[in-house]
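An overview of the molecular structure
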Amino acid sequence: MKEAGAVGRIWTFPELSVLLIFGFYWMPSERQVGHTMLCLTPSGFSEHRRAIRLCQDQFENLEKHTQWGIDFVERYTKFVKERSEIELNYAKQIRNLSKKYQPKKNAKEEEESKYTWCRAFFTSLNELNDYAGQHELIAENMTSQIIAELTRYIQDLKSERKTHFQDGRKAQQHIENSWKQLEQCKRNFERACKEADRAQQYFEKMDADYNVTKADVEKARQQAQLRHQMASDCKSEYSNYLQKFNQEQTEHYHTLIPNIFQKIQDMEERRIERVGESMKTFAEVDRQILPIVGKCLDGMTKAAEGIEPKTDSAQVVESYKSGFEPPGDVEFEDYGQAMKRTVSETSLTNSRSESKPDKSSKGKKLFFFKKNKGSNPEDFSHLPPEQRRKKLQAKIDDINKDIQKEMDQRDALAKMKDVYVKNPQMGDPSSVDPRLAEIAQHIDKLQAELQKFEGWLAEVEGRMPTRSESSHRQSAVFETQNSTPPASNSQDRESPDGSYTEEQSSELQPKAPPEPEFDEFEDDMLPTIGTCKALYPFEGHNEGTLALAEGEVLFVIEEDKGDGWTRVRRNEEEEGYVPSSYVEVFLDSNAKGCYLWD
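Everything numeric in this text was worked out from a predicted model, so none of it was measured.

Along its length, the chain carries twelve helices and seven strands. Across the 598 residues in the chain, those meeting the buried criterion constitute 32%. Taking as baseline every contact in the chain between residues at least 6 positions apart, the subset at least 24 positions apart corresponds to 77%. Just so you have it, the chain exposes about 38,600 Å², and 53% of that area is on carbon and sulfur atoms.

Laid out in structure tokens, this is it:
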């Protein structure tokens, strides 16, 4: 060891090697180092080896620490990925739940949509579907802003870390090789010095011996000089290489290693900063959807607040109102009179009038359709009067809409045909005729169906008395009871169960006049199975045939059985056969269910 000039301090080689602790470097200045490296003691060589080992150990520690940091980033990326999958699964389950309870496309949906509590529930389902979309957005943003970014960053981080530690190992290898070369020079110098010392001692011994010839003494002297020269050359080589090693060592411990450690430190700080930014993004992704989620929840709350119990209950009353009038007061029956008791005309009975119903009522009861299992009659006769009226009116409105749609399409095609007529280069006018004919046939069919439903509606409205009519009818009944003698109602009619039927209104009507005998044959009239439109005029001179006018619509009561004739009816008094090729037939879908009312 040697004192370092004006500083007044003795420096050992380990002190020259910096404190290799990550991020902190303590090292002597150039002035303090001075010529210390020019005189390394044997203990200095040993301490230098410990310094190299210490540097290697620190590299290994940093390598483990940085690898642990990369593992942490990979672990955090996996955590975010699993959170994203949870959000996706949650959103999928919410969407499936919303879809499961969405209304089906059927008549029940129309019924449910009338009530405010049903509409509020459907609105909540739609808001819940939007709520699920926000969780899908969380998963998407986490994947694009965190997972993808960290995956790319991990690859770059591994590459950078590998480069830094390769540079560190290369520097360590270089300084170790230089150290080995220096030790070799030192051993050569030491061996040369020992050989020169032995040659000098041998020369001195030969020179002191008088028995040795002068030639031997000269030879020993030359050998000693040669050994001294070799020692001097080894010393010079050792000194030069020592100076070179000191320079490399100074650069290694003051420049290369600190720079490498600084790069590793910067890399580690960037990694920590990136993890912090990812954690912040993790929270911001959730924060960004909070306004939309709040709007979804506000929509659910608003829908719930819009429920109106009174409106819903009024809707129920309107939907199930039957239209039946309540029965009149029960007449007092005096059993103290004659053997036959008088039955009040206003009492509830199930007996039928012995007189034959009038022609108009018979016409109403002529045709009925059998109910297919699971289906309802086309005329809604299974419903109470008020409900039947609503259904028929809705059906009529739908048919009118279809007719208007077809008419609009017909007018558009007519205008197109006019354009083709005026400008033949734009198209052939005759190409539109088939479509016009098809639309005309469809309109005729819809009009025939409309006429059928309007007849049923008129029948229902004719049977539904207003409140004024009902009160007037009851007052007339009371007057009839007071003015009619008991003998006028001498029929033995009883109502054992007191049930209410529509037939009681017929008892209040005056008896129909007797009908001619041929009316009995009307019970055997065939039902209509569809309609037909005359394509051409037909005179019908033969017996059993019916004359036709072009475009006339008739009722079909019997299909063509292969003989080329179709049986049709114009009204209750006119029916006959017409050529099947002269008409276009439109059969009803439930025509096979017709049967006669016996």
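One finds F59, V80 and I264 to be the most contacted residues of the largest nonpolar core, which totals 33 residues. For this core, the elements supplying multiple residues, two or more each, are α3 (42-100), α5 (116-208) and α6 (214-305). No other element matches the 13 residues that α5 contributes to this core. With 16 residues, the next largest nonpolar core counts W179, L182, A192 and L242 among its residues.

Attention now moves to the pattern of salt bridges. Tallied over the entire structure, the rule returns 26 salt bridges. Of the charged contacts in the structure, one is a salt bridge between E552 and R570, with a shortest N-O distance of 2.6 Å. Taken together, the residues E552 in the loop between β2 (530-534) and β3 (553-558) and R570 in the loop between β4 (565-569) and β5 (575-579) connect sequence positions 18 residues apart. When the shortest N-O distance is used, the salt bridge between E558 and R567 registers 3.7 Å. Taking the relative accessible area as the measure of exposure, R567 reaches 21% and is therefore partly exposed. Each of E558, K561, R567, R569 and E575 takes part in a single network of salt bridges with overlapping partners.

At their nearest, the axes of α5 and α6 sit 7 Å apart, and the two run at 170° to each other. Taken together, the axes of α5 and α6 lie roughly antiparallel to each other. Residues that form the contact of α5 with α6 fall into these classes: 48 nonpolar, 21 polar and 21 charged.

In space, the five strands of this open sheet follow the order β5-β4-β3-β2-β6, with antiparallel pairing throughout. Unpaired on one side and paired on the other, β5 and β6 (583-587) mark the two borders of the sheet. Taking each pair of neighbouring strands and ignoring which way they run, the sheet shows an average axis angle of 40°.

Taking 1.5 Å of rise per residue, the 93 residues of α5 would be expected to cover 138 Å, and the 135 Å separating its terminal C-alpha atoms lies within 8% of that figure. The largest bend in α5 is about 35°, located at T143.

The subject of this paragraph is the state of the cysteines. Throughout the structure, instances matching the rule amount to zero disulfides. C234 provides the cysteine sulfur closest to C185, a residue in no disulfide bond, and the two sulfurs are 8.6 Å apart.

Detailed reading of the predicted coordinates is not advisable wherever pLDDT is low. Of the residues in the chain, 72% have a pLDDT of 70 or more, and the chain-wide mean is 75. Within the chain, the element-level pLDDT minimum falls on helix α1 (residues 13-16), averaging 33, and the maximum on β2, averaging 92. Taken as a whole, residues 339-374 scores under 50 in pLDDT and shows 81 contacts with residues more than four places along the chain or in a different chain. Below a pLDDT of 50 lies the segment residues 592-598, which in the model reaches 21 contacts outside its immediate sequence neighbourhood of four places, other chains included.

Okay, a nonpolar patch on the surface next. Nonpolar side chains collect at one region of the surface, where L97, Y101 and F121 lie side by side and expose about 290 Å² of accessible area between them. Inspection of the secondary structure puts L97 in helix α3.

Below, the discussion takes up the packing of aromatic side chains. Applying the stated criterion to the full structure yields 14 aromatic pairs. With a centroid separation of 4.9 Å and an interplanar angle of 55°, the aromatic rings of F59 and F261 are classed as tilted. One end of the pair, F59, is in helix α3; the other, F261, is in helix α6, with 202 residues separating them in the sequence. The residues F59 and F261 share a single accessibility class, namely buried. Their ring planes at 35° and their centres at 6.4 Å tell us that W68 and F72 sit as a pair that is tilted. Of the two residues, W68 and F72 are both situated in helix α3; the distance of four residues between them amounts to about one turn of the helix. Ring pairing ties together the aromatic residues Y536, F538, W565 and Y582, which thus form one cluster. Positioned above the aromatic ring of Y153 is the side chain of R274, whose terminal nitrogen or guanidinium carbon lies 4.5 Å from the ring centre.

Attention now goes to the pairing of β3. Here β2 pairs with β3 via four bridges, running antiparallel. Paired with K533 across the two strands is V553, which belongs to β3. Across three bridges, the pairing between β3 and β4 is antiparallel. Along β4, the bridge assignment pairs E558 with R567. Hairpin geometry of β3 and β4 is characterised by an intervening segment of six residues between the two adjacent antiparallel strands and by a positive phi of about 105° at G562.

One can find H442 in helix α10 (residues 433-463). Sequence separation between H442 and F586 is 144 residues; the distance between their C-alpha atoms is 9.9 Å.

Next up on the list: the side chain of D312. Of note, D312 is situated in helix α7 (residues 309-320). Of the side chains bearing the opposite charge, R119 lies closest to the buried D312, which forms no salt bridge; the N-O distance is 5.7 Å. A distance of 2.6 Å separates a polar atom in the side chain of D312 from a polar atom in the side chain of T116. Polar contacts involving the side chain of D312 include one to the side chain of W117, which spans 3.5 Å.

Here is what the cut-offs are and how they apply
Residues numbered from 1 in each chain as written. Predicted model: local features only at pLDDT ≥ 70, side-chain atom pairs only at ≥ 80, totals over all residues. Heavy atoms only, no water. Helix = DSSP H or I, 4+ residues; strand = E, 2+ residues; numbered from the N terminus. Buried < 20%, exposed > 50% of the residue type's maximum accessible area, 1.4 Å probe, protein only. Contact = heavy atoms within 4.5 Å. Areas by Shrake-Rupley, 256 points an atom, 1.4 Å probe, with all protein chains shown as cover. Core = buried A, V, L, I, M, F, W, Y, C linked by side-chain atoms within 4.5 Å. Salt bridge = Lys/Arg side-chain N within 4 Å of Asp/Glu carboxyl O. Axes fitted to C-alpha atoms, helices over the stretch in contact; angles between N-to-C directions. Parallel < 35°, antiparallel > 145°, perpendicular 65-115°, else oblique. Nonpolar A, V, L, I, M, F, W, Y, C, P; charged D, E, K, R; others polar. Pairing = 2+ DSSP bridges. Expected span 1.5 Å × (residues − 1). Bend = angle between axes of the 7 residues up to and from the residue. Disulfide = S-S within 2.5 Å. pLDDT = per-residue confidence, 0-100. Patch = residues over 30% accessible without salt bridge, like charges linked within 9 Å, V, L, I, M, F, W, Y side chains within 5 Å. Phe/Tyr/Trp six-rings, centres within 6.5 Å; stacked < 30°, edge-to-face > 60°. Lys NZ or Arg CZ within 6 Å of the ring centre and 35° of its normal. Lys, Arg positive; Asp, Glu negative; His and termini not counted. Polar contact = N/O pair within 3.5 Å; in protein donor to acceptor, adjacent residues only side chain to side chain.

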